[in-house]
Amino acid sequence: MNIFRLAGDVSHLVAIIILCMKIWRSKSCAGISGKSQLLFALVFTTRYLDLLTTFISIYNVVMKMVFLGLAYATVYLIYMRFRSTYDSENDSFRVEFLLVPVAGLSFLENYAFAPLEILWTFSIYLESVAILPQLFMITKTGEAESITTHYLFFLGLYRALYLANWVWRYNTEGFFDQIAVVSGVVQTIFYCDFFYLYVTRVLRGSGKMSLPMPV
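Residues numbered from 1 in each chain as written. Predicted model: local features only at pLDDT ≥ 70, side-chain atom pairs only at ≥ 80, totals over all residues. Heavy atoms only, no water.

Caption draft 1: Layout of helix 3 (residues 58-81). Taking 1.5 Å of rise per residue, the 24 residues of helix 3 would be expected to cover 34 Å, and the 32 Å separating its terminal C-alpha atoms lies within 8% of that figure. Restricting attention to buried positions, one finds in helix 3 the residues Asn60, Met63, Lys64, Phe67, Leu68, Leu70, Ala71, Thr74, Val75, Leu77, Ile78 and Tyr79. On its buried face, helix 3 is in contact with helix 1 (3-26) and helix 2 (34-47). (Helix = DSSP H or I, 4+ residues; strand = E, 2+ residues; numbered from the N terminus. Expected span 1.5 Å × (residues − 1). Buried < 20%, exposed > 50% of the residue type's maximum accessible area, 1.4 Å probe, protein only. Contact = heavy atoms within 4.5 Å.)

Structure (structure tokens):
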């Protein structure tokens, strides 16, 4: 454990808590992509199956259970508790275009051809693209509430901090996880334009962040 990983975990947790509180307090999931949240729930489920087989530390177990619980709580809020406020018309990204290639790649590029290893690899690849339905939805509607952009900012910050964590571990431990690093870089790239808009528009006091409408 190092400061970058710890900060990354905290940023990830803050992002999910912000999203849950936004939905619960406003009693609305408007502007939130249910498809992205389903993909994240699938990411955590396939990645944390090792809870049933391997014990690493109390911290590891607690964080995994918290992320699983919050992921499914978010899905519940969107698709059941506040379903009437869910904007399914604009949440129209075709997730099969992500799931099929990711599943295929996880069988082709992994560290061991074993069920848990393939599922872990699947979760890493899927996490790198799971945010795309949310970004697509924001682009389609042309704007995002500041609370939603705060969620995306902390989610992106988590990935950036994890990149720093991998650099730190490579320099101090000689550890290098090619699958995780490449997938993390891809995911961080997706956030680059968003970070610029977040800093130049949201942090300067605008209640909403306007984005270019798709052609």
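Caption draft 2: Examining the nonpolar core more closely. In this structure, Ile23, Phe44, Ile78, Leu126, Ile131, Tyr151 and Leu155 are the most contacted members of the largest nonpolar core, which totals 49 residues. Among the secondary structure elements, those contributing two or more residues to this core are helix 1, helix 2, helix 3, helix 4 (96-108), helix 5 (115-129), helix 6 (132-141), helix 7 (146-173) and helix 8 (178-202). The biggest single contributor to this core is helix 3, with nine residues. Sequence-distant contacts of Ile23, that is, excluding residues within four places in its chain, are made with Ser28, Cys29, Ile32, Thr74, Leu77, Ile78 and Phe82. (Core = buried A, V, L, I, M, F, W, Y, C linked by side-chain atoms within 4.5 Å.)

Caption draft 3: Focus on a nonpolar patch on the surface. On the surface, Met1, Ile3, Leu6 and Val10 cluster together into a nonpolar patch covering about 400 Å² of accessible area. Tracing the backbone through its elements, the reader meets Ile3 in helix 1. (Patch = residues over 30% accessible without salt bridge, like charges linked within 9 Å, V, L, I, M, F, W, Y side chains within 5 Å. Areas by Shrake-Rupley, 256 points an atom, 1.4 Å probe, with all protein chains shown as cover. Salt bridge = Lys/Arg side-chain N within 4 Å of Asp/Glu carboxyl O.)

Caption draft 4: Inspection of the packing of aromatic side chains at higher detail. On inspection of all chains with the given rule, the structure shows twelve aromatic pairs. These aromatic residues form a ring-pair network of at least three members: Phe44, Tyr48 and Phe67. Over the ring of Trp24 we find Lys27; its NZ or CZ atom is 5.6 Å from the centre of that ring. (Phe/Tyr/Trp six-rings, centres within 6.5 Å; stacked < 30°, edge-to-face > 60°. Lys NZ or Arg CZ within 6 Å of the ring centre and 35° of its normal.)

Caption draft 5: Up close: the packing of helix 4 against helix 5. For the pair helix 4 and helix 5, interaxial distance at closest approach is 9 Å and the crossing angle is 140 degrees. Overall, the two elements helix 4 and helix 5 adopt an arrangement that is oblique. Of the two possible hands of crossing, helix 4 and helix 5 adopt the one that is right-handed. Each of Leu98, Leu99, Val102, Ala103, Leu105, Ser106 and Phe107 in helix 4 lies in contact with helix 5, whose residues at this interface are Ile118, Thr121, Phe122, Tyr125, Leu126 and Val129. Grouping the amino acids of the contact of helix 4 with helix 5 by side-chain chemistry returns eleven nonpolar, two polar and no charged. (Axes fitted to C-alpha atoms, helices over the stretch in contact; angles between N-to-C directions. Parallel < 35°, antiparallel > 145°, perpendicular 65-115°, else oblique. Left-handed = near helix turned anticlockwise from the far one by under 90°. Nonpolar A, V, L, I, M, F, W, Y, C, P; charged D, E, K, R; others polar.)

Caption draft 6: Up close: the UniProt feature "transmembrane region" (unreviewed entry) in the chain. Here, UniProt's "transmembrane region" (unreviewed entry) annotation points to residues 65-82, 118-138, 150-168 and 180-199. Across residues 65-82 one finds 94% helix and 0% strand; the C-alpha atoms that close the span lie 24 Å apart. The straight-line gap between the two end C-alpha atoms of residues 118-138 is 32 Å; of that span, 90% is helix and 0% is strand. (UniProt positions renumbered as here; feature names shortened; annotations may be inferred.)

Caption draft 7: The packing of helix 2 against helix 3, seen in detail. Interhelical geometry of helix 2 versus helix 3 gives an angle of 155 degrees and a closest axis separation of 9 Å. Judged on the interaxial angle alone, helix 3 and helix 2 are roughly antiparallel. The hand of the helix 2/helix 3 crossing is left-handed. Contact with helix 2, carried on its side by Gly34, Lys35, Gln37, Leu38, Ala41, Phe44 and Thr45, involves Phe67, Leu68, Ala71, Tyr72, Thr74, Val75, Ile78 and Tyr79 of helix 3 and no other residues of that element. Counted by class, the contact of helix 2 with helix 3 contains ten nonpolar, four polar and one charged residues.

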